[in-house]
Amino acid sequence: MGKNRKFLSIFLLLLMVFVPAALLAWFGNRMQQQEAAMIEVSVNKLVEAKLKGFDEQFQAYFQSLEQQLRDQYSLLVNTDTVALRNYLRTHAYVQNLYIASANGERLFPPSQQLSSTEQQFLQRTANLWLDASAFGNNDEAASVSQTRDSRSYIPDLRTRRYEQQALNERLLSGSALSGATESKFVATEITQGGWRVWYADAGINFIFWLRDTDDTFYAFELYPSRIISDLINTLPTPGPDDADFANASIQLLNERSDALYQWGGFLNEQNQHSLEAQLAIYLSHPLGSWKLNYFSDTRPAAQTQRFNLMLAVGAVTLVLLGLAIYFYREQQREIMLAQQRVNFVNQVSHELKTPLTNIRMYAELMDGKVDSNSDIHRHLNVITTESQRLSRLIENVLSFSRSQRKALKIHKQPGVVDALIESVLTAFIPVMNSRDMEIQFDGAANQSVYIDPEILEQILTNLLSNCEKYAADGKRVDISSQLEDKFCLIRVRDYGSGIDSADHERVFDAFYRVSSNLTDGVTGTGIGLGIARELARLHGGDLVIEGCDDNRPGTCFLLTLNIVHES
């Protein structure tokens, strides 16, 4: 039993250490995840703002280029074919030009004497000029749309082959647009304009178009390589000491997800194909099919946070473990001291029992030789009574010690319950008379049964002693006995102040005493009723407090004992 209690103590102490540590680790990990999520959201907002800043740089570039082309529009009005071709040869960005009248006539390139470059241009852009008015109707979608689906900018090239060939022939001859080769027109104010993107020759192509108040249409095909080069030149080129991109990288991807440009110190040849972007945004029109990918190494911060959490949990665990070891050693020390005290009390009780028995025996012998009315008789009676009281206290201590060691034994033998009760009452009559208390006994268990007389005597002694100490104001104690089948029922009823119903079970706990004016100042160990109940249960019965039938004040104890012989 001692080993089981020791293991239970160790288990409970370890539970007290590791349960809080586990809860701390769980809460810390949860808080760390929440903090990491909040940091990620904040970082993503900052990164998104930075990426949008690059997008705004691109938009500023296109706006600047657009403004240059708008400013050059006046140079193209009333200009002949030679001047327009010369304009194209000298311009750094415009590689081809397309001009059409309001009714769809192609004014440039001319319908005759096309150069090879102009022929290739018309063949490459054939589908764009089928309906030049679509540039105006689709102005919003073409110029300011920021859709992220690149397919919205790719024209439908799945036309039938023979229709394409016929269209090319008509474009080369100029009959499709019925345009005069040297038509003249007057410059008017620009009313519409925007960017048109299409994909040919495995790459992106840019056209900036204008429409004036006469509905004359101008389309500038720009060099995509120069535009891409200019866009890349607007991006930063951080050095090795740039702290912003020491653990981060940004990629500019085209419509085929090819990396056009990359900067930052995080991506390299080994990891750039295996990592996923932490954040990606698509660019605004006319680069709606391009995007910027942001990569960042968050592992060092996460590892640092995890290490700090583990360090904190480990420190708390060590502190709790140290406290648990300290309290366990203190508990074991207190248990050893308590055991030593109990052993000392048991030893002293055993040592006192023999001389106390001799004192009582010689006092009784002397009492039989003196006059019953003399002072010596009264003195000897006090010695005998107090000796019996001490004997009961010592027997309770020894019984309690044996119960703690599970060493209580029962020895049944034939006997008459009423006779044993009367023997106990005889010993208590002097004490009761000294306190003006009357004992009434109603016995109905006068048959021979199997019972342990020492156990019955100790139970009744504890009950009567309890009545004598706490119910003296009732001036009366009733005892009754009866036999029912295999049990003997004994009731001990006093007429004192009684015990509150809330304490009916607690009074049987070791060292528990009801706190009231009745018990204050009354000496007692608090183990008598507990010993009595344990002895009753050892005898196959029980000891309980039951309600009094006459509704008068007091307490009624019901003692049940098994009286069947156990072979």
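Residues numbered from 1 in each chain as written. Predicted model: local features only at pLDDT ≥ 70, side-chain atom pairs only at ≥ 80, totals over all residues. Heavy atoms only, no water.

It is worth spelling out the overall build of the protein at this point. Within the protein, the secondary structure is distributed over 12 helices and 16 strands. Taking all 567 residues of the protein together, 39% fall into the buried category. Considering only contacts in the protein between residues 6 or more positions apart, those separated by 24 or more positions represent 69%. A total of about 32,100 Å² of accessible surface is found on the protein, and carbon and sulfur atoms cover 53% of it. (Helix = DSSP H or I, 4+ residues; strand = E, 2+ residues; numbered from the N terminus. Buried < 20%, exposed > 50% of the residue type's maximum accessible area, 1.4 Å probe, protein only. Contact = heavy atoms within 4.5 Å. Areas by Shrake-Rupley, 256 points an atom, 1.4 Å probe, with all protein chains shown as cover.)

Taken in spatial order, the 5 strands make up an open sheet running E2-E1-E5-E4-E3, and their pairing is antiparallel. Both edges of this open sheet fall to strand E2 (106-108) and strand E3 (190-200), since each of them pairs with a single strand only. On average, each strand axis in the sheet is tilted by 25 degrees relative to the strand beside it, whichever way the strands run. Across 6 bridges, the pairing between strand E4 (residues 203-212) and strand E5 (residues 217-222) is antiparallel. Considered in E5, the bridge of Trp 209 is made with Ala 219. Helix-sheet contacts for helix H3 (residues 116-124) involve strand E1 (94-100), E2, E3 and E5, and the interaxial angle to E1 is about 70 degrees. Taken strand by strand, helix H7 (residues 224-233) contacts E1, E4 and E5, and its axis lies near 100 degrees from that of E4. (Pairing = 2+ DSSP bridges. Axes fitted to C-alpha atoms, helices over the stretch in contact; angles between N-to-C directions.)

With that settled, consider the sheet that holds strand E6 (residues 248-253). Pairing is antiparallel across the open sheet formed by 4 strands, whose spatial order is E7-E6-E9-E8. Each edge of the open sheet carries a strand with a single partner, namely strand E7 (259-264) and strand E8 (279-282). Adjacent strand axes in the sheet meet at a mean angle of 15 degrees when their direction is disregarded.

The buried fraction of strand E14 (residues 487-494) is high, at 6 of 8 residues. With 8 bridges joining them, strand E13 (residues 476-484) and E14 adopt antiparallel strand pairing. Residue pairing in the sheet places Asp 478 in a bridge with Arg 493 of E14. Adjacent in sequence and paired antiparallel, E13 and E14 are bridged by 2 residues, among which Asp 485 carries a positive phi angle near 55 degrees. The pairing of E14 with strand E16 (residues 556-562) spans 7 bridges and is classified as antiparallel. Looking across to E16, one finds that Phe 487 is bridged to Asn 562.

Our focus in this paragraph is the pattern of salt bridges. Overall, the coordinates contain 14 salt bridges when judged by the stated rule. When the shortest N-O distance is used, the salt bridge between Glu 48 and Lys 52 registers 3.3 Å. Linking Glu 48 with Lys 52, this pair stays in helix H1 (residues 2-76), spanning 4 residues, or about one helical turn. Overall, Lys 52 belongs to the partly exposed group, its relative accessible area being 41%. With a closest N to O distance of 3.2 Å, Glu 468 and Arg 435 form a salt bridge. Remark: Arg 435 occurs in the loop between helix H10 (417-434) and strand E11 (438-442) and Glu 468 occurs in helix H11 (residues 453-470); sequence separation between them is 33 residues. Salt bridges sharing common partners tie together Glu 505, Arg 533, Arg 537 and Asp 542. (Salt bridge = Lys/Arg side-chain N within 4 Å of Asp/Glu carboxyl O.)

What follows concerns the packing of aromatic side chains. Enumeration according to the criterion identifies 12 aromatic pairs in this entry. Taking 5.6 Å as the distance between ring centres and 75 degrees as the angle between the ring planes, the aromatic pair formed by Tyr 61 and Phe 62 counts as edge-to-face. Given the relative accessible area of 13%, Tyr 61 is considered buried. Given a relative accessible area of 2%, Phe 62 falls into the buried group. Through a chain of ring-to-ring contacts, three or more aromatic side chains come together here, namely Tyr 61, Phe 62, Trp 195, Phe 206 and Phe 208. (Phe/Tyr/Trp six-rings, centres within 6.5 Å; stacked < 30°, edge-to-face > 60°.)

If you look at the biggest cluster of nonpolar residues, it comprises 45 residues, and the most contacted ones within it are Leu 51, Phe 220, Leu 252 and Leu 287. Other than its neighbours up to four places away in sequence, Leu 252 contacts Phe 58, Ile 232, Leu 235, Asp 258, Ala 259, Leu 260, Tyr 261, Leu 283, Trp 290, Lys 291 and Leu 292. With 36 residues, the next largest nonpolar core counts Phe 428, Ala 532, Leu 543 and Phe 557 among its residues. (Core = buried A, V, L, I, M, F, W, Y, C linked by side-chain atoms within 4.5 Å.)

With 18 residues, H10 extends 26 Å from end C-alpha to end C-alpha; this agrees with the ideal 26 Å at 1.5 Å per step. At Phe 428, H10 shows its largest bend, some 45 degrees, and a proline, Pro 430, comes one to four positions later. Residues of H10 that are buried: Val 417, Asp 418, Ile 421, Val 424, Leu 425, Phe 428, Val 431 and Met 432. The positive-phi residue at the C-terminal boundary of H10 is Asp 436, with phi of around 60 degrees. (Expected span 1.5 Å × (residues − 1). Bend = angle between axes of the 7 residues up to and from the residue.)

Here we come to the side chain of Asn 44. With respect to the helices, strands and loops of the structure, Asn 44 is situated in helix H1. Discounting chain neighbours no more than four positions away, the residues touching Asn 44 are Gln 278 and Leu 279.

This part takes up the packing of H10 against H11. Two elements in contact, H10 and H11, have axes whose closest approach is 10 Å; the angle formed by their N-to-C orientations is 35 degrees. With respect to the hand of their crossing, H10 and H11 are arranged in right-handed fashion. Note on element contacts: H11 touches H10 through Pro 453, Leu 456, Glu 457, Leu 460, Thr 461, Leu 464, Ser 465 and Glu 468, opposite Val 417, Leu 420, Ile 421, Val 424, Leu 425, Phe 428, Val 431 and Met 432. Split by residue class, the contact of H10 with H11 holds 12 nonpolar, 2 polar and 2 charged. (Left-handed = near helix turned anticlockwise from the far one by under 90°. Nonpolar A, V, L, I, M, F, W, Y, C, P; charged D, E, K, R; others polar.)

Take the confidence of the model for the protein next. Put simply, the protein has an average pLDDT of 77, and 75% of its residues get 70 or more. Note on residues 138-187: pLDDT is under 50 here. Beyond four places in sequence and across chains, it has 91 contacts. (pLDDT = per-residue confidence, 0-100.)

Below, the discussion takes up a nonpolar patch on the surface. Where nonpolar side chains cluster on the molecular surface, the patch consists of Leu 8, Phe 11, Leu 12, Leu 15, Val 19, Leu 23, Trp 26 and Phe 27 and spans about 770 Å² of accessible area. Within the secondary structure layout, Leu 23 lies in helix H1. (Patch = residues over 30% accessible without salt bridge, like charges linked within 9 Å, V, L, I, M, F, W, Y side chains within 5 Å.)

A separate point is the environment of Lys 475. Tracing the backbone through its elements, the reader meets Lys 475 in the loop between H11 and E13. The spacing of Lys 475 and Ile 439 is 36 residues in sequence and 8.7 Å in space, taken between C-alpha atoms. Those residues in contact with Lys 475, other than ones at most four positions away along the chain, are Arg 435, Asp 436, Met 437 and Glu 438.

Counted residue by residue, E16 has 7 buried out of 7 residues, so it is predominantly covered. Residues of E16 alternate between two faces, with Cys 556, Leu 558, Thr 560 and Asn 562 on one and Phe 557, Leu 559 and Leu 561 on the opposite face, all of them buried. Bridge count for strand E15 (residues 542-546) against E16 is 5 bridges, and the pairing is antiparallel. Bridge pairing in E16 places Leu 543 opposite Leu 559.

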